[in-house]
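Examination of the molecular architecture
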Amino acid sequence: MQDEGLAFAGIAELRRRLDCGDLSAVELAEFCLRRLEQVGSRLNAVAALLAERALDEARRADQARRAGAPCGPLHGIPYGAKDLLAARGAPTTWGAPPFRQQVFDFDATVIARLAQAGALLVAKLAMIELAGGGGYRWAAASLQGPARNPWDPTRWAGGSSSGSGAAVAAGLVPFALGSETSGSIIAPAAFCGVTGLRPTYGLVSRVGAMPLSWTLDKVGPMARSAEDCALVLEAIAGPDEDDPSSAGRSFQFQPLPPEHLRKLRIGYAPADFEELAAEEACPAFAAALETVRALGADMVEIALPDDLPSGALVQVIIGAEAASVFGPFIESDAFELLVDGRQKAGLRAALSISARDYLTAMRVRRKVQEAFHAIFREVDVLLSPARPGPATPIDEPLDAPRSAVHQGEQSKRPSNASLIPAGNLAGLPAVCLPCGFTTTGLPLGIQLVGRPFEENLLLSLGAWYQRETDWHLRRPPLLGEASSSEG
Amino acid sequence: MREPEQHLPEQHGNEAAALARGGVPPREQQAGAGADVFEEDPMALAQAAQERLAGSLAAIRAVPLTIRDEPSLVFRP
């Protein structure tokens, strides 16, 4: 297999090569470390290379395999982790200049669980400073600078799990960990053309992750396929008595057959695919909708109520909780070292959110949950574009108007345009699947949102979609290879 | 406010690469080097942030609530 074939191989293929002795874990780790250094630095995707740790873990993985020890699916597989996750002895900067010297002496639970599964932590990956909790304006709102999109380095990789999206898309690691408070896995997955999973709130431990919003934060995988996300989720999900949000559940992927999936009721709002999508994205979104329709499932037009201010709720709940987490920091001189002025202003403003306003927001939040309860009595899954358009140019403000929806034009038809904040408010799982390209060659994604703890259904549907399409197998031309349809 | 490309902090990327190679934090940042790279007016940003927050709070307060609408303080999906 050529270098680029190795770079873009999925977990199952890498495991097959490790099992047959064609490749050692040390060789694979060295390969990833080299690409992270050479390609990752060009993309501003890397916060820190962890060569010593990775090679030590790789040597132990090779020894265990040679000794005939039981080896799970991630044994010897390298990965990167968003730099908001603590890794013992390594810098954990949270993407923010004031925390550039921060080092923890323990591993986040998810990193410890992946180590137990034999996976190799090769790098901490770049992120938007403080996961963007104050509302940032620039792609450059990161200690590493603007994360460049492997499909077009003049475009942004998305945020706040920027490096995780870019590193998987560029073939630097087979999978990465990201986190989502509201959109930080789904958006970079869509922009970078990779598969991302936002787990149900409470399924994956957040111990060792930077807290931004205790009632919204989730940790999840970004990978080459839904099946690879499932393998990672199996390893990282599970009870954690140190995490008050832990639901006490584990996850095991049991793919549902097409005959089961055909019985699903899939909800969608036509306006999301037609009026509210960027013009250059509409053909790909229409094709994705037709692919899903061809499954034979019952397609149901349905939308969230338009009188619930999900975006406002997310702002106030994140703001109030982040103000509690970071209050002393926000009031310190070091706060001035943050990169993004809009984010600083947003965090300062959040200090003024009253207990009354926070509690009112939490009361209204329950109405969002109730709205989903009603929707999920009618359908099993919600489908929408993950983002209405492609990755934004890195040198343009992120709040610049770009499409009809951003320009304030409201669709007269019902839509699920607020599905990311609303889905996060309700703690629901979501998967982002690459679904094609704009007319200018930028990747696009669709998202599937399900009931709490229905990751198995979403990933089964995602795996089916990825058997019917090859969008998830395409490779960025940046790496010297035209888009491929192999496999 | 200047155009962002005049201030795109490539130095952050280079420092990240240095950090990456060594796996340890790089040199101490020069005072203020990371602050507000786009030189936006902090007063205007602060006012805009307060206005955005006020708008969000108004939208939330406008949702009718009854005495039965209790928050989930231990959040469960």
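Residues numbered from 1 in each chain as written. Chains lettered and ligands numbered in written order. Predicted model: local features only at pLDDT ≥ 70, side-chain atom pairs only at ≥ 80, totals over all residues. Heavy atoms only, no water.

1. Points about the side chain of Gln102(A)
Mapping Gln102(A) onto the fold places it in the loop between β2 (78–82) and α5 (109–116). Sequence-distant contacts of Gln102(A), that is, excluding residues within four places in its chain, are made with Ala90(A), Pro91(A), Thr92(A) and Trp94(A). (Helix = DSSP H or I, 4+ residues; strand = E, 2+ residues; numbered from the N terminus. Contact = heavy atoms within 4.5 Å.)

2. Observations regarding the sheet that holds strand β12 (residues 430–437) of chain A
All names here are of chain A. Taken together, the 11 strands give an open sheet; going across it, the order is β1-β3-β2-β6-β8-β7-β12-β13-β11-β9-β10, and neighbouring strands pair in mixed fashion. Looking at which strands have only one partner, the edges of the open sheet turn out to be β1 (46–49) and β10 (298–301). Ignoring which end each strand starts from, the neighbouring axes of this sheet average 30 degrees apart. As defined by bridge partners, β2 adjoins strand β3 (residues 120–125) across 5 bridges and the pair is classed as parallel. Along β3, the bridge assignment pairs Pro78 with Leu120. This element, helix α3 (residues 25–40), spans β1, β2 and β3 of the sheet and lies at about 10 degrees to β3. Across the sheet, helix α4 (residues 51–66) is in contact with β1 and β3; its angle to β3 comes to roughly 160 degrees. (Pairing = 2+ DSSP bridges. Axes fitted to C-alpha atoms, helices over the stretch in contact; angles between N-to-C directions.)

3. Re the environment of Arg59(A)
Checked against the element boundaries, Arg59(A) lands in helix α4. A sequence separation of 35 residues divides Arg59(A) from Ser24(A), and the C-alpha atoms of the two residues are 8.8 Å apart.

4. Digging into the nonpolar core
Side chains that are nonpolar tend, in soluble globular proteins, to be buried together. All names here are of chain A. Core analysis: the largest hydrophobic core is formed by 172 residues, its most contacted members being Leu85, Leu114, Leu130, Phe175, Phe372, Leu383 and Leu459. Per element, the largest residue contribution to this core is 12 residues, and it comes from helix α12 (residues 310–330). Excluding its chain neighbours within four sequence positions, the residues that come into contact with Phe372 are Leu304, Leu382, Leu419, Ala422, Gly423, Ala426 and Leu428. Within the second largest apolar cluster, 8 residues are counted, among which are Ile128, Ala139, Ala391 and Ile394. (Core = buried A, V, L, I, M, F, W, Y, C linked by side-chain atoms within 4.5 Å. Buried < 20%, exposed > 50% of the residue type's maximum accessible area, 1.4 Å probe, protein only.)

5. Quick notes on the packing of aromatic side chains
All names here are of chain A. Under the defined criterion, the tally for this structure stands at 16 aromatic pairs over all chains. Measuring from ring centre to ring centre gives 5.5 Å for Phe329 and Phe335, while their planes differ by 75 degrees; the resulting arrangement is edge-to-face. Accessibility classification places Phe329 together with Phe335 in one group, the buried group. Between Phe372 and Phe376, the aromatic rings sit 6.1 Å apart at their centres with planes inclined by 20 degrees, giving stacked as the arrangement. Taken together, the positions of Phe372 and Phe376, both in helix α14 (residues 355–378) and 4 residues apart, correspond to about one turn of that helix. Residue classification places Phe372 among the buried positions, given a relative accessible area of 1%. Residue classification places Phe376 among the buried residues on the basis of a relative accessible area of 7%. Members of the aromatic cluster, joined through ring pairs, are Trp94, Phe99, Phe104, Phe106, Phe326, Phe329 and Phe335. For the cation-ring pair, Arg249 lies above Phe453, with the distance from its terminal atom to the ring centre recorded as 4.0 Å. (Phe/Tyr/Trp six-rings, centres within 6.5 Å; stacked < 30°, edge-to-face > 60°. Lys NZ or Arg CZ within 6 Å of the ring centre and 35° of its normal.)

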